[in-house]
Amino acid sequence: MVSDSRMPDSKFPSAQISSSDFVIAARCILFRKSPTTNRLQICLLHSPERDGKREKLLLPKGCKNMGESIEAAAIRETFEETGYPCELIPVCMPTCALAPGVDMMDVVRVMNDATEPIAVTLQNLDSEGCKFIWWFIARVKGH
């Protein structure tokens, strides 16, 4: 169930979605260095044509388990789908996330060594609710 309302402390509209109406998933853009050229490669999964649906190339993604962090879900799902043990890559990125000890909200800052999500997708599942997909950047361990 989605409830649209204005929160008493905000001038912006908001939506509240019940836990029975959403799924949390995590996706990694997985990099590795080519063993022959030392250039970066991106891991894509091949989904063959099935039941009249076209074949696709996809990034690894899957649902978060109860009690699991979104970061841990991203790493676990990427390993389960690719067979590559991986780790999140600390990157320089613009973010609204607060640095430890900083109390300034809603300000975009460029942070170094961040392993925060680089994006989030909200996918409408029609009568089944919605899916939030958190995007991370990872590398194959040892590469």
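Structural data are supplied above this passage.
Each chain has its residues counted from 1, following the order in which its sequence is written. Selection of residues for local features in this predicted model requires a pLDDT of at least 70, selection of side-chain atom pairs for listing and counting requires 80 or more, and totals for whole chains, interfaces and linings are taken over all residues. As a rule here, side-chain values come from all non-hydrogen atoms in the structure, and water together with hydrogens is ignored.

Structural notes on a nonpolar patch on the surface
Turning to step 1, where the next piece is worked out: Patches in this entry comprise residues that are over 30% relatively accessible and not in a salt bridge; like charges within 9 Å are linked, as are nonpolar side chains (Val, Leu, Ile, Met, Phe, Trp, Tyr) within 5 Å. Note on areas: Shrake-Rupley with a 1.4 Å probe; residue coverage comes only from the protein chains shown. One side-chain nitrogen of Lys or Arg within 4 Å of one carboxyl oxygen of Asp or Glu is enough to make a salt bridge. Nonpolar side chains collect at one region of the surface, where Ile42, Leu44 and Leu57 lie side by side and expose about 300 Å² of accessible area between them.
Turning to step 2, where the next piece is worked out: By the criteria applied, helices consist of DSSP H or I runs no shorter than four residues and strands consist of E runs no shorter than two, each listed in order from the N terminus. With respect to the helices and strands, the residue Leu44 is situated in the loop between strand 4 (40-42) and strand 5 (45-47).

Examining helix 1 (residues 70-82)
Turning to step 1, where the next piece is worked out: Taking 1.5 Å per residue as the helical rise, helix 1 with its 13 residues ought to reach 18 Å, and the 18 Å between its terminal C-alpha atoms agrees with that figure.
Turning to step 2, where the next piece is worked out: Regarding helix 1, the residues found buried are Ala73, Ala74, Arg76, Glu77, Thr78 and Thr82.
Turning to step 3, where the next piece is worked out: Downstream of helix 1 by one or two residues, Gly83 has phi in the positive range, about 85 degrees. A helix is expected to span 1.5 Å for every residue after the first. Buried residues are those whose accessible area, probed at 1.4 Å on protein chains only, stays under 20% of the maximum for their type, while exposed residues exceed 50% and partly exposed ones sit between those limits.

Structural notes on the pattern of salt bridges
Turning to step 1, where the next piece is worked out: One pass over the full model with this rule turns up four salt bridges.
Turning to step 2, where the next piece is worked out: When the shortest N-O distance is used, the salt bridge between Glu68 and Arg76 registers 2.8 Å.
Turning to step 3, where the next piece is worked out: A relative accessible area of 15% means that Glu68 is categorised as buried.
Turning to step 4, where the next piece is worked out: Among the salt bridges present, the one from Arg76 reaches Glu77, with a minimum N-O distance of 3.0 Å.

A few points about the state of the cysteines
Turning to step 1, where the next piece is worked out: The disulfide definition used here is simple: a pair of cysteine sulfur atoms within 2.5 Å. For the structure on display, the rule yields zero disulfides.
Turning to step 2, where the next piece is worked out: Counting only cysteine sulfurs, Cys86 is the nearest neighbor of Cys28, a cysteine outside any disulfide, at a range of 5.1 Å.
Turning to step 3, where the next piece is worked out: By relative accessible area, Cys28 is classed as buried at 0%.
Turning to step 4, where the next piece is worked out: In this model Cys43 remains outside any disulfide bridge; the closest cysteine sulfur is found in Cys86, 9.4 Å from its own.

Thoughts on the side chain of Arg27
Turning to step 1, where the next piece is worked out: You can see Arg27 is positioned in strand 3 (residues 22-33).
Turning to step 2, where the next piece is worked out: Despite being buried, Arg27 has no salt bridge partner; Glu81 is the closest side chain of opposite charge, sitting 6.9 Å away.
Turning to step 3, where the next piece is worked out: Pairs of N or O atoms are called polar contacts if they sit within 3.5 Å, as long as, within protein, a hydrogen donor faces a hydrogen acceptor (for residues adjacent in sequence, only side-chain-to-side-chain pairs). A distance of 3.4 Å separates a polar side-chain atom of Arg27 from the backbone oxygen of Leu59.
Turning to step 4, where the next piece is worked out: The residues contacting Arg27, other than those within four sequence positions of it, are Leu59, Pro60, Lys61, Ile133, Trp134, Trp135 and Phe136. By the counting scheme adopted, Arg and Lys are positive, Glu and Asp are negative, and His together with the chain ends is not counted. Any two residues whose heavy atoms approach within 4.5 Å are treated as being in contact.

Considering the packing of aromatic side chains
Turning to step 1, where the next piece is worked out: Only the six-membered ring of Trp is used, alongside the rings of Phe and Tyr, when aromatic pairs are assigned; centres must lie within 6.5 Å, and planes under 30 degrees apart are stacked while those over 60 apart are edge-to-face, with the rest tilted. According to the stated counting rule, one finds one aromatic pair in the structure shown.
Turning to step 2, where the next piece is worked out: Relative to Phe132, the ring of Phe22 has its centre 5.8 Å away and its plane inclined at 80 degrees; by these criteria the two rings are edge-to-face. Of this pair, Phe22 sits in strand 3 while Phe132 sits in strand 12 (residues 130-140), and the two are 110 residues apart along the sequence.
Turning to step 3, where the next piece is worked out: Taking the relative accessible area as the measure of exposure, Phe22 reaches 28% and is therefore partly exposed.
Turning to step 4, where the next piece is worked out: Judged by its relative accessible area of 23%, Phe132 falls in the partly exposed class.
Turning to step 5, where the next piece is worked out: Cation placement over rings: the criterion is NZ of Lys or CZ of Arg within 6 Å of the ring centroid and within 35° of the ring normal. A cation over a ring is seen here: Arg27 above Trp135, with NZ or CZ 5.2 Å from the ring centre.

Everything listed here is a matter of geometry and, on its own, says nothing about what the molecule does.
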